[in-house]
Amino acid sequence: MNWGKLIVPVCAMLSIIACKSTPAVQNGYSARLQGSWQLIRASGGYAGKDQPIKELRNLCIHENKYQVWQRDSMAASGTFTVKDAKWITNGQQGPALFLERFPFGQQLSLRNDTLQLTDLVYDGYTYIYVKQGGSCFR
């Protein structure tokens, strides 16, 4: 397993800098994030190209906790917060997902059953997840 490719998306979602947490932001997204999300697309990096999804990867969210599963193995877990942050894509303030112990977060966009997370760094990645039925949190 290539842990480097796993760490990047997990790191991208994590941060504790340059943001302010507001209950409205946290509460407004927390309920909508709950459940199981399957990664269907990853793109970005220096070249900005699509990255092939070679293994099934699920992001599982329960309350303020997350788990990342690859096949039947847990690859990462911890807690998260949703905070206002300056989006890298347009310079505006908006919701961002921050996982514990990581230096930067991800721009958070939810539309229907699609979750888009974009790294809050230049030459970062964008990850697109589709909501799955039920919960994969164990």
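Procedures and definitions
- Residues numbered from 1 in each chain as written.
- Predicted model: local features only at pLDDT ≥ 70, side-chain atom pairs only at ≥ 80, totals over all residues.
- Heavy atoms only, no water.
- Salt bridge = Lys/Arg side-chain N within 4 Å of Asp/Glu carboxyl O.
- Helix = DSSP H or I, 4+ residues; strand = E, 2+ residues; numbered from the N terminus.
- pLDDT = per-residue confidence, 0-100.
- Contact = heavy atoms within 4.5 Å.
- Core = buried A, V, L, I, M, F, W, Y, C linked by side-chain atoms within 4.5 Å.
- Buried < 20%, exposed > 50% of the residue type's maximum accessible area, 1.4 Å probe, protein only.
- Polar contact = N/O pair within 3.5 Å; in protein donor to acceptor, adjacent residues only side chain to side chain.
- Pairing = 2+ DSSP bridges.
- Phe/Tyr/Trp six-rings, centres within 6.5 Å; stacked < 30°, edge-to-face > 60°.
- Lys NZ or Arg CZ within 6 Å of the ring centre and 35° of its normal.

Under the counting rule described, the total for this entry stands at one salt bridge. Notably, a salt bridge pairs Glu-55 with Arg-71, separated by 3.3 Å at the nearest N-O pair. Highlighted residues: Glu-55 in the loop between β2 (49-51) and β3 (57-62) and Arg-71 in the loop between β4 (65-70) and β5 (73-86), separated in sequence by 16 residues.

This prediction gives the protein a mean pLDDT of 79; 79% of its residues lie at or above 70. Residue range residues 1-8 is modelled with pLDDT below 50. Its contacts to residues more than four positions away, or to other chains, number eleven contacts. This model gives residues 10-25 a pLDDT under 50, and the stretch forms 54 contacts once residues within four places in sequence are excluded.

Moving on, we get to the nonpolar core. Counting residues in each nonpolar core, the largest one holds 20 residues, and the members touching the most others are Leu-33, Leu-59, Tyr-66, Phe-80, Leu-115 and Tyr-129. Sorting the residues of this core by element identifies β1 (35-44), β3, β4, β5, β6 (93-99), β7 (106-111), β8 (114-119) and β9 (125-132) as the ones contributing at least two each. When neighbours within four sequence positions are excluded, Leu-115 is seen to be in contact with Leu-33, Trp-37, Leu-59, Leu-108, Ser-109, Leu-110, Tyr-127, Ile-128 and Tyr-129.

What follows concerns the environment of Lys-131. With respect to the secondary-structure elements, Lys-131 resides in strand β9. C-alpha separation for the pair Lys-131 and Gly-35, spaced 96 residues apart in sequence, amounts to 7.4 Å. Contact partners of Lys-131, with chain neighbours within four places excluded, come to Arg-32, Gln-34, Gly-35, Ser-36, Trp-37 and Asp-113. One polar contact links the side chain of Lys-131 to the main-chain carbonyl oxygen of Gln-34, over a distance of 2.4 Å.

Non-glycine residue Arg-71 carries a positive phi angle of around 55°. Phi is positive for Asp-123, which is not a glycine, with a value near 60°. Within the fold, Asp-123 resides in the loop between β8 and β9.

Quick look at the side chain of Ser-43 now. Relative to the elements of secondary structure, Ser-43 occurs in strand β1. Residues in contact with Ser-43, not counting those within four places in the same chain, are Lys-49, Asp-50, Gln-51, Gly-124, Tyr-125 and Thr-126.

Counting buried positions along β3 gives five out of six residues, so the element sits mostly inside the fold. Two elements, β1 and β3, share four bridges in a ladder whose sense is antiparallel. In the strand pairing of β3, Trp-37 is matched with Leu-59. The sheet contact formed by β3 and β4 spans six bridges and is antiparallel. Residue His-62 lies in a different strand from β4, and its bridge partner there is Lys-65. Here β3 folds back onto β4 in antiparallel fashion, the turn holding two residues, of which Glu-63 has a positive phi close to 55°.

Take the packing of aromatic side chains next. Taken as a whole and judged by the stated rule, the model has one aromatic pair. Across from the ring centre of Phe-98, 5.5 Å away, lies the NZ or CZ of Lys-83, which sits over that ring.

You can see Lys-83 is positioned in strand β5. Given a relative accessible area of 14%, Lys-83 falls into the buried group.

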